[in-house]
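Each chain is listed here by its residues.
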Amino acid sequence: MQLHHNKHHAAYVNNLNITEEKYREALTKGDVTTQIALQSALKFNGGGHINHSIFWTNLSPNGGGEPKGELLEAIKRDFGSFEKFKEKLTAISVGVQGSGWGWLGFNKDQGRLQIVACSNQDPLQGTTGLIPLLGIDVWEHAYYLQYKNVRLDYLKAIWNVINWENVTERYTACKK
Amino acid sequence: MLSRVASGSSRKLAPALGCLGSRQKHSLPDLPYDYGALEPYIDGQIMQLHHNKHHAAYVNNLNITEEKYREALTKGDVTTQIALQSALKFNGGGHINHSIFWTNLSPNGGGEPKGELLEAIKRDFGSFEKFKEKLTAISVGVQGSGWGWLGFNKDQGRLQIVACSNQDPLQGTTGLIPLLGIDVWEHAYYLQYKNVRLDYLKAIWNVINWENVTERYTACKK
């Protein structure tokens, strides 16, 4: 947690600020080439900042168990049961090739929950339009010191610290 | 086909037990040195997990995927063939890349190449130092998981440095012939170097097997 927050996330924040400053200059000068050249750094560091900011709130020492009320009903409706939802998000997250995230997102157009994976630090909303509710970081830095190559054990463990209150808040907010 | 020279992987023929056909499966190549041989530059624990877990998984999953692919091919099932492509590239690439990597490293490595390869490096990058800086920078700059490569461009007869994502194999995706690969997936360094990929990059130059890189270079110039 310490390296993840204080080194990895901190680096995304610093590099995002640097990139936005360069972008601002290029925008001012009307320098389109530079703007385009900066895009991947913006997406990578910006996405990294967005994703991790959500992630810390998605976890809690008082977490675990199951959601309640409307969110639980939506999960049952869109995935069949809470167990099936857990299995699917776990499978999608374990299956990410390389670095990336597993996401529970809300599809506003269709009014339904969806599970998708994103590569690297591609942010869910910016790249798919889905509203992020719950993200699972499966970059190796998120688990390797403890779980080594066994990503699945990390996935099994993380269900014990999911902050369903926060996920519910995010769900409620996007249904407005 | 993985060539023996390039990949070092051995293909074992299934025993002829009167079954329908022999299945040639890929197998995990032995490491040419002990797990701890590259210390202090790369920890033995990393080498063991990297070889015995990560690379082994690519080999197993490649064999499984090729088997499914063989079935789909037999049935003329194009949809399934296409659906299997990403698993083939990922696990196949993983096997190819790591097979090259183990031979690119040596406990007796380090220093600089000699002869033709050194001349080519000077010609195409300006100097050995500039080449080192460039390959280091490309490798450090990989966003997410991937590899930094020194490759040979046969069409243009020159060396090139490129990065590949995930386990995308150099030759299969770019046409360049792989000479030297640097794995920058976090599993390649995190236990020892944590988030400081640059320190890992600086250390790995001490164990580069220039003999092997030279062999590969010589082979592709034929």
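The numbering scheme is per chain: residues are counted from 1 as the chain's sequence reads. Each chain takes a letter, starting from A, and each ligand takes a number, starting from 1, following the order in which they are written. Owing to the predicted nature of the model, reporting of local features is limited to residues with pLDDT of at least 70; listing and counting of side-chain atom pairs is limited to 80 or more, with chain, interface and lining totals taken over all residues. Computation of side-chain values: all heavy atoms of the structure, hydrogens and water removed.

The name given to chain B in an unreviewed UniProt entry is Superoxide dismutase, with Carlito syrichta as the source organism. UniProt positions are given in the numbering used here, feature names are shortened, and annotations may be inferred rather than shown by experiment. Entered under Sequence similarities (unreviewed entry) in the UniProt record, the comment concerning chain B runs "Belongs to the iron/manganese superoxide dismutase family." Per its UniProt entry, chain B bears the Cofactor (unreviewed entry) comment "Mn(2+)".

The name an unreviewed UniProt entry gives chain A is Superoxide dismutase, with Carlito syrichta as the organism. Its UniProt record gives chain A the following Subunit (unreviewed entry) comment, quoted word for word: "Homotetramer."

Asker: Lay out the interface of chain B and chain A with the relevant residues and their values.
Answerer: Of the residues lining the interface, 18 residues belong to chain B; the matching set on chain A comes to 17 residues. Regarding the contact of chain B and chain A, the summed buried area is about 1700 Å², with carbon and sulfur atoms giving 57% of it. Two parts lose some accessible area (1.4 Å probe) when they are put together, and adding that loss for both gives the buried area. Of all residues in chain B, the largest losses of buried area upon contact with chain A belong to B:Gln143, B:Glu186 and B:Tyr190, amounting jointly to 35% of the total for that side. Salt bridges are defined as contacts in which a side-chain nitrogen from Lys or Arg sits within 4 Å of a carboxyl oxygen from Asp or Glu. Taken together, the connections running from chain B to chain A amount to zero salt bridges. Within 3.5 Å is the distance limit for a polar contact, defined as a pair of N or O atoms, with the added protein rule that one can donate a hydrogen and the other accept it, and that residues adjacent in sequence qualify only through two side-chain atoms. Linking chain B with chain A are eight residue pairs in polar contact (both at pLDDT 80 or more), by the criterion used here. Under the scheme used here, helices are H or I runs from DSSP no shorter than 4 residues and strands are E runs no shorter than 2 residues, and both carry numbers assigned from the N terminus. With four residues, the single largest contributor to the side of chain B that touches chain A is helix H2 (residues 44-75) of chain B. Across the side of chain B that touches chain A, the residue classes break down as six nonpolar, nine polar and three charged. In what follows, residue pairs with any heavy atoms lying within 4.5 Å of each other are defined as contacts. Basically, the charged four are Asp, Glu, Lys and Arg, the nonpolar ten are Ala, Val, Leu, Ile, Met, Phe, Trp, Tyr, Cys and Pro, and anything else, Gly included, counts as polar.

Asker: Explain the packing of helix H4 (residues 69-79) of chain A against helix H5 (residues 82-94) of chain A residue by residue, including any values.
Answerer: Residue and element names in this part refer to chain A. For the pair H4 and H5, interaxial distance at closest approach is 8 Å and the crossing angle is 70°. Judged on the interaxial angle alone, H5 and H4 are roughly perpendicular. From H4, Leu72, Ile75 and Phe79 reach across to H5, where they touch Phe82, Lys84, Phe85 and Lys88. For the contact of H4 with H5, the residue count by class is five nonpolar, no polar and two charged. As a rule, the C-alpha atoms of each element are fitted with a line to give its axis, helices using only the stretch in contact, and angles between N-to-C directions run from 0 to 180 degrees. Any angle between 65 and 115 degrees counts as roughly perpendicular, while under 35 counts as roughly parallel, over 145 as roughly antiparallel, and the rest as oblique.

Asker: I'd like a description of the sheet that holds strand S5 (residues 177-183) of chain B, backed by residues and values.
Answerer: Residues and elements named next belong to chain B. Strands are treated as partners if at least two bridges between them are detected by DSSP. Strand order in the open sheet formed by three strands is S4-S3-S5, with antiparallel pairing between adjacent strands. The sheet is open, and its two edges are formed by strand S4 (158-165) and S5, each paired on a single side. When strand polarity is set aside, the average angle formed by the axes of neighbouring strands in this sheet is 25°. Relative to S4, strand S3 (residues 146-153) runs antiparallel, the two being bridged by eight bridges. Residue tryptophan 147 lies in a different strand from S4, and its bridge partner there is cysteine 164.

Asker: For the pairing of S3(B), give the residues involved together with the corresponding values.
Answerer: Residues and elements named next belong to chain B. Of all the eight residues making up S3, eight are buried; the element is thus mostly covered by neighbouring parts of the structure. Where burial is concerned, the two faces of S3 agree: the one with Gly146, Gly148, Leu150 and Phe152 and the one with Trp147, Trp149, Gly151 and Asn153 are both buried. Linking S3 to S4, which pair antiparallel, is a turn of four residues; within it glycine 157 sits at a positive phi near 60°. Where S3 meets S5, six bridges bridge the pair, whose relative direction is antiparallel. When a residue's accessible area, from a 1.4 Å probe over protein chains only, is under 20% of the maximum for its type it is buried; when over 50% it is exposed; and in between it is partly exposed.

Asker: Before we move on, can you summarise a nonpolar patch on the surface with the specific residues and values?
Answerer: A cluster of nonpolar side chains, contributed by A:Val94, A:Val150 and A:Leu152, occupies part of the molecular surface with about 190 Å² of accessible area. Assignment of secondary structure puts A:Val94 in helix H5. Exposure above 30% relative accessible area and no salt bridge define the residues that can form patches, which grow by joining like charges within 9 Å and nonpolar side chains of Val, Leu, Ile, Met, Phe, Trp and Tyr within 5 Å. Reported accessibility uses the Shrake-Rupley method at a 1.4 Å probe radius. Residues are deemed covered only where the shown protein chains occlude them.

Asker: Tell me about the UniProt feature "domain: Manganese/iron superoxide dismutase C-terminal" (unreviewed entry) in chain B, residues and numbers included.
Answerer: Residues given the UniProt feature "domain: Manganese/iron superoxide dismutase C-terminal" (unreviewed entry) here are residues 113-216 of chain B. Split by type, residues 113-216 of chain B is 46% helix and 22% strand. Its first and last C-alpha atoms lie 13 Å apart.

Asker: Outline the sheet that holds strand S2 (residues 112-119) of chain A, listing residues and values.
Answerer: All names here are of chain A. Strand order in the open sheet formed by three strands is S2-S1-S3, and the pairing between neighbours is antiparallel. Two strands close off the open sheet at either side, each with one partner strand: S2 and strand S3 (131-137). In this sheet, neighbouring strand axes are inclined to one another by 25° on average, regardless of whether the strands run parallel or antiparallel. In this sheet, S3 lies alongside strand S1 (residues 100-107) in antiparallel orientation, the contact comprising six bridges. Bridging from a neighbouring strand, leucine 104 pairs with leucine 134 of S3. Packing of H5 onto the sheet brings it into contact with S1, S2 and S3, and relative to S2 it is tilted by some 15°.

Asker: Before we move on, can you summarise the packing of aromatic side chains with the specific residues and values?
Answerer: Residue and element names in this part refer to chain B. Only Phe, Tyr and Trp rings take part, Trp by its six-membered ring, and two of them pair if their centres are within 6.5 Å. Stacked means planes under 30 degrees apart, edge-to-face means over 60, and tilted covers everything else. Applying the stated criterion to the full structure yields 26 aromatic pairs over all chains. Summarising the aromatic geometry, the rings of phenylalanine 101 and tryptophan 102 are spaced 5.6 Å apart at their centres and angled 45° between planes, so their arrangement reads as tilted. With relative accessibility at 2%, the residue phenylalanine 101 sits in the buried group. On the basis of relative accessibility, which here comes to 1%, the residue tryptophan 102 falls in the buried class.

Asker: Can you tell me about the environment of A:Leu113, naming the residues and giving the values?
Answerer: Residues and elements named next belong to chain A. Within the element layout of this structure, leucine 113 appears in strand S2. You can call leucine 113 buried: its relative accessible area is 1%. Remark: the alpha-carbon pair of leucine 113 and tryptophan 56, spanning 57 residues in sequence, is separated by 21 Å. Sequence-distant contacts of leucine 113, defined by excluding residues within four places in its chain, comprise Leu71, Ala74, Ile75, Arg77, Asp78, Phe79, Leu104, Gly105, Phe106, Leu133 and Tyr171.

Asker: Just give me the short version of the confidence of the model for chain B, but keep the residues and values in it.
Answerer: Residues of chain B with pLDDT of at least 70 account for 90%, and the chain-wide mean is 91. pLDDT runs from 0 to 100 and stands for how confident the predictor is about each residue. Within the model, the stretch residues 1-21 of chain B combines pLDDT values under 50 with 33 contacts to residues more than four positions away or in other chains.

Asker: Run through the UniProt feature "binding site: Mn(2+)" (unreviewed entry) in chain A, naming residues and quoting values.
Answerer: The UniProt record annotates "binding site: Mn(2+)" (unreviewed entry) at A:His4, A:His52, A:Asp137 and A:His141. In three dimensions, the annotated residues from a span of 138 residues occupy one location, with a maximal C-alpha spread of 12.6 Å. With respect to the helices and strands, the residue A:His4 is situated in helix H1 (residues 2-29). Residue A:His4 is classed as buried on the basis of its relative accessible area of 4%. Looking at A:His4, its side chain comes within polar contact range of the side chain of A:His52, at 3.0 Å. Its location among the elements puts A:His141 in the loop between S3 and helix H7 (144-147). In this structure, A:His141 is in contact with A:His4, A:His8, A:Tyr12, A:His52, B:Glu186 and B:Tyr190, ignoring residues within four places of it in sequence.

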